[in-house]
Amino acid sequence: MAIVVEARKMTLAERLYLPAVIKGMLLTLAHLFKKKVTMQYPEVQKILPPGYRGAHRLNKDEQDRIKCVACEMCAVACPADCITIEGMETEWSDREKIPRTFQIDMLRCIFCGMCVEACPEDAIDMTDNIELVATTREEMIWDRERLLKNFDETRDQQGTLGQVLRKSRKPFTRPRGDQLPGPPSPGGSGGH
Ligand code: SF4
Ligand code: SF4
């Protein structure tokens, strides 16, 4: 059933717009006397908060090898559908797969950080690098080597998104077999 909504009648002051204009001008005037926040970028770099979602990187392990196991969970979680991964088998004893190719289309990325949240291996991360400049579209398709190079360049950075998320996560402990709920008893309701 349709609902009729009465339009609110504007007061005389609202129809004149003058009070709103004066209010806006007073706000502007107040800002004139506030501490200035203009930064002389790029000479002065802004200090970004921990967990800032800037340029991506692919992390490396203690042996300087790519951490990614090509599980594609980041690609599945990505709402912009901008991650493409092709896995390949590896001879390494500690994992079965690594990415043969790993691409992020940075022109489609919305910097939401969901890829970092979804990664079970702490293999993809976001840094505070905000200078994403390119002259062609192709340059904005970041491949595996570019993402690994970003890791080398930001290796010492503290407070990446991945590090912040890891700190806030509760440790996950897999329940032992004897802690798992047993099968429903015959004659039981079977429900919860
Ligand atoms: S930050 Fe978001 S949009 Fe960008 S690659 Fe990660 S999941 Fe996709
Ligand atoms: S970056 Fe993480 S989530 Fe993405 S494929 Fe590699 S291991 Fe899986």
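Residues numbered from 1 in each chain as written. Chains lettered and ligands numbered in written order. Predicted model: local features only at pLDDT ≥ 70, side-chain atom pairs only at ≥ 80, totals over all residues.

Undergrad: Can you help me understand the overall build of the protein chain in this one?
TA: Secondary structure summary: the protein chain contains six helices and five strands in total. Of all 192 residues assigned to the protein chain, the portion counted as buried reaches 18%. Sequence-distant contacts in the protein chain: of pairs separated by 6 or more residues, those separated by 24 or more amount to 73%. (Helix = DSSP H or I, 4+ residues; strand = E, 2+ residues; numbered from the N terminus. Buried ≥ 20, exposed ≤ 12 C-beta atoms within 10 Å, placed from the backbone. Contact = placed C-beta atoms within 7 Å.)

Undergrad: What exactly am I supposed to notice about the site of ligand 2 here?
TA: Taken together, 13 residues lie near ligand 2, and Cys68, Cys71, Cys74, Cys119 and Ile124 sit nearest. Along the lines of polarity and charge, the residues of the shell around ligand 2 split into 11 nonpolar, no polar and two charged. (Near = placed C-beta within 6 Å. Nonpolar A, V, L, I, M, F, W, Y, C, P; charged D, E, K, R; others polar.)

Undergrad: Can you help me understand the site of ligand 1 in this one?
TA: Within the structure, ligand 1 sits among 14 residues, and Cys78, Ala80, Cys109, Cys112 and Cys115 are positioned closest to it. Taken together, the residues of the shell around ligand 1 break down into 13 nonpolar, one polar and no charged.

Undergrad: Can you help me understand the nonpolar core in this one?
TA: Across soluble globular proteins, you tend to see nonpolar side chains buried next to one another. Within the largest apolar cluster, 22 residues are counted, with the highest numbers of intra-cluster contacts made by Leu58, Cys68, Cys115 and Ile124. Listed by contribution, the elements that provide at least two residues to this core are β3 (97-105), α4 (114-118), β4 (124-126) and α5 (144-154). Examining the composition of this core, we find that three residues originate from one element, α5, more than from any other. Apart from residues lying up to four places away in sequence, Ile124 is in contact with His56, Leu58, Cys74, Cys115, Val116 and Cys119. (Core = buried A, V, L, I, M, F, W, Y, C linked by C-beta atoms within 7 Å.)

Undergrad: Please clarify how the confidence of the model for the protein chain should be interpreted in this entry.
TA: Parts of the model with low pLDDT should not have their predicted coordinates read in detail. Across the protein chain, the average pLDDT comes to 90, with 88% of residues at or above 70. pLDDT under 50 marks residues 188-192. Its contacts with residues more than four places away, or in other chains, come to one contact. (pLDDT = per-residue confidence, 0-100.)

Undergrad: Looking at this structure, how should I read α5?
TA: An α-helical turn contains 3.6 residues, so a residue and the one three or four places further along point in the same direction. Listed as buried for α5 are Leu147, Leu148, Asn150 and Phe151. The arc that holds every buried residue of α5, seen down its axis, measures 150°, which confines them to one face. In α5, the exposed residues that point more than 90 degrees away from the buried face are Glu145 and Asp152. On its buried side, α5 packs onto β1 (56-58), β3 and β5 (141-142). (Arc of directions from axis to C-beta.)

Undergrad: Could you clarify how one ought to interpret unusual backbone geometry in this entry?
TA: Phi is mostly negative for residues that are not glycine, and the peptide bonds are mostly trans. Here the amide bond leading from Tyr41 into Pro42 is cis, since omega sits at 10°, within 30 degrees of zero. Secondary-structure assignment places Pro42 in the loop between α2 (18-32) and β1. Positive phi is not limited to glycine here, since Glu72 has a value of about 70°. Here Glu72 lies in the loop between β1 and α3 (73-77). Accessibility expressed as a C-beta count within 10 Å gives 19 for Glu72, which makes it partly exposed.

Undergrad: Could you clarify how one ought to interpret the sheet that holds β3 in this entry?
TA: One open sheet holds the three strands; their spatial order is β2-β3-β5, and the pairing between them is antiparallel. Looking at which strands have only one partner, the edges of the open sheet turn out to be β2 (83-89) and β5. By the bridge criterion, seven bridges tie β2 to β3 in an arrangement that is antiparallel. Its bridge partner being in β3, Ile83 is matched across the sheet by Ile104. Sitting on the sheet, α5 is in contact with β3 and β5, with an inclination near 90° to β3. (Pairing = 2+ DSSP bridges. Axes fitted to C-alpha atoms, helices over the stretch in contact; angles between N-to-C directions.)

Undergrad: Just checking my understanding: could you explain the environment of Ala75 for this structure?
TA: Looking at the secondary structure, you find Ala75 in helix α3. For the pair formed by Ala75 and Phe102, sequence separation is 27 residues and the distance between their alpha carbons is 9.9 Å. Here Ala75 is in contact with Ile83, Thr84 and Ile85, once residues within four sequence places are set aside.

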